[in-house]
Amino acid sequence: MASPMGGRGMSRTAAFLRNIASNWLGFAVNAAVTLFLTPFVLRELGVARYGVWVLTSSIIGYYGMLDLGFRAGVTQYLTRHLALREFAKASACLSTAVVVLGGVATVLLVLTIGAAFAAPHLFQIAADLRAEAFWCILMVGATSALQFALAPFPAVFVAKQRFDLANVIGVATRLLTAGLTVLALKLGGGLLGVSAATCGATAADYLIRFAVAQRLVPELRIRFRDADRAQLREIGAFGFWNFLISVNYYVYLHVPNLLVGGLMSVAAVGHYALATSLWRQVNSVLGPVPQVAYPVATELHATGDRAGLERLYHDGSRLTLMIMLCVVTIAAAWAEDFYRLWIGPKFLSGMPFQSVALLFQVLLIATATNFTTTIAQQILIGAGYVRLTAMALIGGSVINVGLSVALIGRLGLLGVAIAAVVASVVVDLLTMPILLQRFVGLSAIQFVRRACLRPLAVGILFALLVAGIRMSGHPANWAALLLQGAVAGIGAATIVLAVGLGPSEQARFVVAPLRRVRARLRLS
């Protein structure tokens, strides 16, 4: 990659890659903590109290929808103002956000108190658990309100492209949460101990972000008198369309399950969920790259750096494509073995529904088409075309739902998966590059030439390598599966470095670091 962030060359490219790596670290730590902590908490609390904890999380989880995308609007305009060093406007933006979200936090406190009192009447909670449920909802809800009040300050990390700092804080407080939870349960704290541990660590997380954000941009001033109606309208308009994108994502993921339940059976819903749950995890692994691209695109557009936007589009897409092709190839090749070891062979027989592995493999096509142009989508939103992007994505959901209804009777669950692929091809693969060319002026043909050819070569070579590995036979256990996966991973990294990078990039990102390591070894 020449310099995906434009003007400042190597330092900005290094920051781009560092942010991606830190996002992956944060994802891995969070996944590992969840994997190991969940069975421990379930065992220590028991099914009933764990159910109260999950119910509380579900109730409070809906609070996140109440900002109607306002936090996304804050991130957009804060990034623009800081890119132009308009600190007075940035301060007004942040002050407006603090006033608005502080008001929302107050509303959430009232809702939390009402939810705590109403929960025993709305849900079947045993009499001996009602007091614990009350305090659990109260603590978690109050912490969520504090998060809203301090929510404008994490936007500073995105605006300054310091995902690394944000992830260091997130990893530290996630580990703190795990440690405090284990300690609370070992000391007999039960449900209230888990609530206190989680809420305390979450509050610490946001308070640390508040303090660090002020050090990142000391020029920012939070004054209630600087809250501005014009800023409010600007932030709210952008945020509303971003909110619709979030709602559309929810529809894209969950409405097909409702269709399956209504037109087939509840058993079919569970069967299809086995495919979609793993599919979402694959998408989560790939997500850190476009997350990092968004504030870069916003800054480059704000400063009028068209050449930088073009480099971000081509080099960012090339990086995303190479990573995506390797991940999707591995997931598709070992899908059947993974499911066989994870849930047993009965879900792979094709009776009474299609094989879970087949459904997952079909859905991976949608992952491939989506992540091929995900940088284009981030540039569109970063350039302010959020309404246009939202309308295109909503159109994709309409195609998805309509085709699902049309195909489910003839093809069953496979028809639902095919509908998701077709919608992604139409909107992600075809529409997004055309919109980017039409409204931002970045050529779709140049995108194919400069971003797609090397990844295509990487994908072909890696597919041949995977075919060779698969000739060794199906893995009989998890150890064998992990070994084959590790060999494939090493092969993927080697092919990406040898074929995916150009000579100048190999010199910068491979040869130079190896020389520095060699020099340090000699000195030691």
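Rules used in this analysis
Residues numbered from 1 in each chain as written. Predicted model: local features only at pLDDT ≥ 70, side-chain atom pairs only at ≥ 80, totals over all residues. Heavy atoms only, no water. Helix = DSSP H or I, 4+ residues; strand = E, 2+ residues; numbered from the N terminus. Rg over C-alpha atoms; globule rule 2.2 N^0.38 Å. Contact = heavy atoms within 4.5 Å. Patch = residues over 30% accessible without salt bridge, like charges linked within 9 Å, V, L, I, M, F, W, Y side chains within 5 Å. Areas by Shrake-Rupley, 256 points an atom, 1.4 Å probe, with all protein chains shown as cover. Salt bridge = Lys/Arg side-chain N within 4 Å of Asp/Glu carboxyl O. Phe/Tyr/Trp six-rings, centres within 6.5 Å; stacked < 30°, edge-to-face > 60°. Lys NZ or Arg CZ within 6 Å of the ring centre and 35° of its normal. 1 Å grid on protein atoms, 1.4 Å probe; cavity = no way out; pocket = protein on both sides within 12 Å on 5 of 7 lines; lining within 4 Å. Points joined across faces, edges and corners; volume = space filled by probe spheres on them. Nonpolar A, V, L, I, M, F, W, Y, C, P; charged D, E, K, R; others polar. Buried < 20%, exposed > 50% of the residue type's maximum accessible area, 1.4 Å probe, protein only. Core = buried A, V, L, I, M, F, W, Y, C linked by side-chain atoms within 4.5 Å. Expected span 1.5 Å × (residues − 1). Polar contact = N/O pair within 3.5 Å; in protein donor to acceptor, adjacent residues only side chain to side chain. Axes fitted to C-alpha atoms, helices over the stretch in contact; angles between N-to-C directions. Left-handed = near helix turned anticlockwise from the far one by under 90°. pLDDT = per-residue confidence, 0-100.

(A) Representation of the overall build of the protein within the structure. When its secondary structure is counted, the protein shows 20 helices and zero strands. In terms of overall size, the protein behaves like a compact globule, its C-alpha atoms giving a radius of gyration of 24 Å where 524 residues would be expected to give roughly 24 Å. Viewed in the frame of its principal axes, the protein has a C-alpha envelope of about 65 × 60 × 60 Å. Sequence separation of 24 or more characterises 84% of the internal contacts of the protein that already satisfy a separation of 6 or more.

(B) Structural context of a nonpolar patch on the surface. On the surface, a cluster of nonpolar side chains totalling about 370 Å² of accessible area is made up of L176, L180, L183 and L187. One can find L187 in the loop between α7 (163-186) and α8 (190-216).

(C) Quick look at the packing of aromatic side chains. A full pass over the atoms with the stated rule returns 12 aromatic pairs. Ring centres of F240 and W241 lie 5.6 Å apart, and the angle between their planes is 75°; this geometry places the pair in the edge-to-face category. Between Y385 and F439, the ring centres sit 5.5 Å apart and the planes meet at 50°, which makes this aromatic pair tilted. Of this pair, Y385 sits in the loop between α15 (374-382) and α16 (386-411) while F439 sits in helix α17 (residues 413-439), and the two are 54 residues apart along the sequence. Over the ring of F148 we find R71, and its NZ or CZ is 4.6 Å from the ring centre. Over the ring of F439 we find R438, and its NZ or CZ is 5.0 Å from the ring centre.

(D) Region of the structure containing the layout of surface pockets. Computed from the structure, the second largest pocket encloses a volume of approximately 690 Å³. Residue lining of the second largest pocket: 20 residues in total, with V282, V327, I330, A331 and F338 positioned closest to the centre. Listing elements by their share of the lining of the second largest pocket, those giving two or more residues are α10 (266-286), α12 (306-333), α13 (335-343) and α19 (478-500). In terms of residue count, the dominant contributor to the lining of the second largest pocket is α19 (seven residues). Of the residues contributing to the lining of the second largest pocket, the split by class is 17 nonpolar, three polar and no charged.

(E) Quick peek at the environment of P503. Note on placement: P503 falls in helix α20 (residues 503-523). A relative accessible area of 64% means that P503 is categorised as exposed. Along the primary structure P503 and G51 are separated by 452 residues, whereas in three dimensions their C-alpha atoms are 56 Å apart.

(F) Broad picture of the nonpolar core. Counting 131 residues, the largest nonpolar core has L78, L312, F360 and I379 as its most contacted members. Ranked by residues supplied to this core, first place goes to helix α4 (residues 87-122) with 13 residues. With residues near it in sequence (within four places) discarded, L78 still touches A90, C93, L94, A155, V156 and A159. Counting 12 residues, the second largest nonpolar core, distinct from the first, contains V458, V466, A488 and A492.

(G) Seen up close, α19. With 23 residues, α19 ought to run about 33 Å at 1.5 Å a step, and its terminal C-alpha atoms sit 31 Å apart, in line with that. Of the residues making up α19, those classed as buried are L481, Q484, A488, G491, A492, I495, V496 and G500. Contacts made by the buried residues of α19 are with α12, α13, α18 (444-470) and α20. Regarding α19, its N-cap is N477, as a side-chain oxygen of that residue lies 3.2 Å from the backbone nitrogen of A479 further along.

(H) Inspection of the side chain of S144 at higher detail. Following the sequence through the fold, S144 ends up in helix α5 (residues 130-150). Under the relative-accessibility criterion, S144 is labelled buried at 7%.

(I) Main features of the packing of α12 against α15. At a minimum axis separation of 8 Å, α12 and α15 run at an interaxial angle of 145°. Relative to α15, the crossing made by α12 is right-handed. Taken together, the residues of α15 that come into contact with α12 (itself represented by L309, L312, Y313, G316, S317 and T320) are T374, I375, A376 and I379.

(J) Structural context of the environment of L232. Structurally, L232 is set in helix α9 (residues 229-263). In contact with L232, other than residues within four places in its own chain, are F70, T96 and V100.

(K) Empty space enclosed by the protein, seen in detail. What the rule picks out here adds up to one cavity of 30 Å³ or more. Elements with a contribution of two residues or more to the lining of the largest cavity: α9, α10 and α17.

(L) Region of interest: unusual backbone geometry. You will see that R85, though not glycine, has its phi angle at about 55°, which is positive. Summarising the element assignment, R85 is placed in the loop between α3 (70-83) and α4. The exposure class of R85 is exposed, given its relative accessible area of 58%. Phi at Q161 is positive, roughly 60°, even though this residue is not glycine. Judged by relative accessible area, Q161 falls into the buried class, the value being 7%.

(M) Geometry of the confidence of the model for the protein. Per-residue confidence for the protein gives a mean pLDDT of 89, with 97% of residues at or over 70. Low confidence marks residues 5-10, where pLDDT is under 50. Its contacts with residues over four positions away, or in another chain, come to 17 contacts.

(N) Seen up close, the pattern of salt bridges. Using the criterion set out here, one finds nine salt bridges in the structure. Salt-bridge contacts for R18 lead to D164; the nearest nitrogen and oxygen are separated by 3.1 Å. A residue pair is termed long-range when its members are at least 10 positions apart, and R18 in helix α1 (residues 10-45) and D164 in helix α7 qualify at 146 residues. According to the relative accessible area criterion, R18 is partly exposed, its value standing at 38%. The partner of R223 in a salt bridge is D226, with the nearest N and O atoms 2.8 Å apart. It is possible to trace a salt-bridge network through shared partners that takes in R18, R162 and D164.

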